[in-house]
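This is what each chain is made of:
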Amino acid sequence: MRILLVEDDDRFADALLVALRRQGFEVSRAGTAAAALDAPEPDLVLLDLGLPDLDGIEVCRRLRGGGDVAIIAITARGDERDRVIGLRSGADDYLVKPFGLAELSARIDAVMRRVRPSARPAVTVRGLRVDPARRLVTGAGGTEIALTRKEFELLAALAREPGVVVSRERLLAEVWHSTWPGGRRTLDVHMATLRAKLGDPAVVQTVHGVGYRLAVRDGTGEPEGAGRPAKGP
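Residues numbered from 1 in each chain as written. Predicted model: local features only at pLDDT ≥ 70, side-chain atom pairs only at ≥ 80, totals over all residues. Heavy atoms only, no water.

K.L.:
Can you break down the overall build of the protein residue by residue, with the values?
P.N.:
On a plain count of helices and strands, the protein comes out with 8 helices and 12 strands. Taking as baseline every contact in the protein between residues at least 6 positions apart, the subset at least 24 positions apart corresponds to 54%. Taken as a whole, the protein presents about 11500 Å² of accessible surface, with 50% of it coming from carbon and sulfur. (Helix = DSSP H or I, 4+ residues; strand = E, 2+ residues; numbered from the N terminus. Contact = heavy atoms within 4.5 Å. Areas by Shrake-Rupley, 256 points an atom, 1.4 Å probe, with all protein chains shown as cover.)

Rendered as structure tokens:
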């Protein structure tokens, strides 16, 4: 996915560029409003509202008027009034500095799911089919499995990359929009009820001290805790 980072702070921009590229995104940067408005249209714009040559709110309005690009406003302006203005000017989401990479990644995923709901294909793992576009989960024989909204979002987050460990921090940021440490107990409880409803507790594996992953087959051939690196910090 192509991301345009519009940010005039060199140190902040350089750190964010490195972090996003490590996540697998194709990222370019514009340091001014003029450069941002002249840049080729990306899939998503991360837009700082405090630009030196033009207010970011106006940049957001112009970007929105020129197409359907997804926009996340990134700013130090945390007042409710500023957030409302940013969203009404066309931003799909609003993120206040400072923030963690897990929260940013979760918000990127959430925004892209809203603007491109059909972009995520259905995934089938161990007889379990997860269809993000239809928000439908079916088990053996095509029987629908009824899940709550939170349970579905947790399963969909794991199903995007079966076999890959997803950190608790990332799941909390994506599903609950929070990285509060106390939320881990809530996450674990929801995972327990999700496992029970799926009928195969082993399909969602716990990687102790890290997070969870969706098993790709019966027995991964790896000890619990092994595998590819976790997403998020």
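K.L.:
Let's hear about the sheet that holds strand β1 (residues 2-6): which residues, and what values?
P.N.:
Spatially, β2-β1-β3-β4-β5 is the arrangement adopted by the 5 strands of the open sheet, whose pairing is parallel. Each having just a single partner strand, β2 (26-30) and β5 (93-96) make up the two edges of the open sheet. Ignoring which end each strand starts from, the neighbouring axes of this sheet average 20° apart. Bridge analysis of β1 against β2 gives 5 bridges, and the strand direction is parallel. (Pairing = 2+ DSSP bridges. Axes fitted to C-alpha atoms, helices over the stretch in contact; angles between N-to-C directions.)

K.L.:
Account for the sheet that holds strand β6 (residues 123-125), with residues named and values stated.
P.N.:
As summarised here, the arrangement of the 3 strands in space is β6-β7-β8, forming an open sheet in which the pairing is antiparallel. Looking at the sheet topology across the chains shown, the edges are occupied by β6 and β8 (136-138). When strand polarity is set aside, the average angle formed by the axes of neighbouring strands in this sheet is 15°.

K.L.:
Which residues make up the nonpolar core, and what are the values?
P.N.:
Of all hydrophobic cores here, the largest spans 25 residues; its most connected members are V137, L155, L171, M191 and L198. Counting residues per element, the ones that place at least two in this core are β7 (128-131), α6 (149-159), α7 (168-176), α8 (183-198) and β11 (211-214). It is α6 that contributes the most residues to this core, 7 residues altogether. What L171 contacts, discounting residues up to four positions off in sequence, is L154, A157, L158, V166, W176, L187, M191 and Y212. Grouped together as the second largest cluster of nonpolar side chains are 19 residues, L5, L20, F25 and L46 included. (Core = buried A, V, L, I, M, F, W, Y, C linked by side-chain atoms within 4.5 Å. Buried < 20%, exposed > 50% of the residue type's maximum accessible area, 1.4 Å probe, protein only.)

K.L.:
Give a description of unusual backbone geometry that names residues and reports values.
P.N.:
Residue K97 is joined to P98 through a cis peptide bond whose omega torsion reads -5°. The phi dihedral of R126 is positive, around 50°, even though this residue is not glycine. Structurally, R126 is set in the loop between β6 and β7. For R126, a relative accessible area of 27% corresponds to the partly exposed category.

K.L.:
Requested: an account of the pattern of salt bridges, with residues and values cited.
P.N.:
Here the structure, examined in full by the defined rule, presents 17 salt bridges. Its salt-bridge partner being E103, residue R107 comes within 3.1 Å of it at the nearest N-O pair. Residue R107 and its partner E103 are both found in helix α5 (residues 101-115); the two are separated by 4 residues, about one turn of the helix. Taken as a pair, R107 and E103 share a single burial class, namely buried. Its salt-bridge partner being D109, residue R170 comes within 2.4 Å of it at the nearest N-O pair. A residue pair is termed long-range when its members are at least 10 positions apart, and R170 in helix α7 and D109 in helix α5 qualify at 61 residues. On the accessibility criterion, D109 (8% relative accessible area) is buried. A single network of salt bridges, built from pairs that share partners, joins E7, D48 and K97. (Salt bridge = Lys/Arg side-chain N within 4 Å of Asp/Glu carboxyl O.)

K.L.:
Go over the packing of aromatic side chains, please, and point to the residues and values.
P.N.:
By convention here, two paired aromatic rings are described through the distance between centres and the angle between planes. Applying the stated criterion to the full structure yields 1 aromatic pair. Ring geometry for F12 against F99: centres 6.0 Å apart, planes inclined by 85°, an arrangement best described as edge-to-face. In this pair, F12 sits in helix α1 (residues 10-22) while F99 sits in the loop between β5 and α5, placing the two residues 87 residues apart along the sequence. (Phe/Tyr/Trp six-rings, centres within 6.5 Å; stacked < 30°, edge-to-face > 60°.)

K.L.:
Talk me through the environment of V216; I want residue IDs and the actual numbers.
P.N.:
Positionally, V216 belongs in the loop between β11 and β12 (228-231). Look at V216 and you get partly exposed, because its relative accessible area is 38%. Taking the C-alpha atoms as reference points, V216 and V203, separated by 13 residues in sequence, lie 7.8 Å from one another. The residues touching V216, leaving out its near neighbours within four places in the chain, are V125, R126, P162 and G163.

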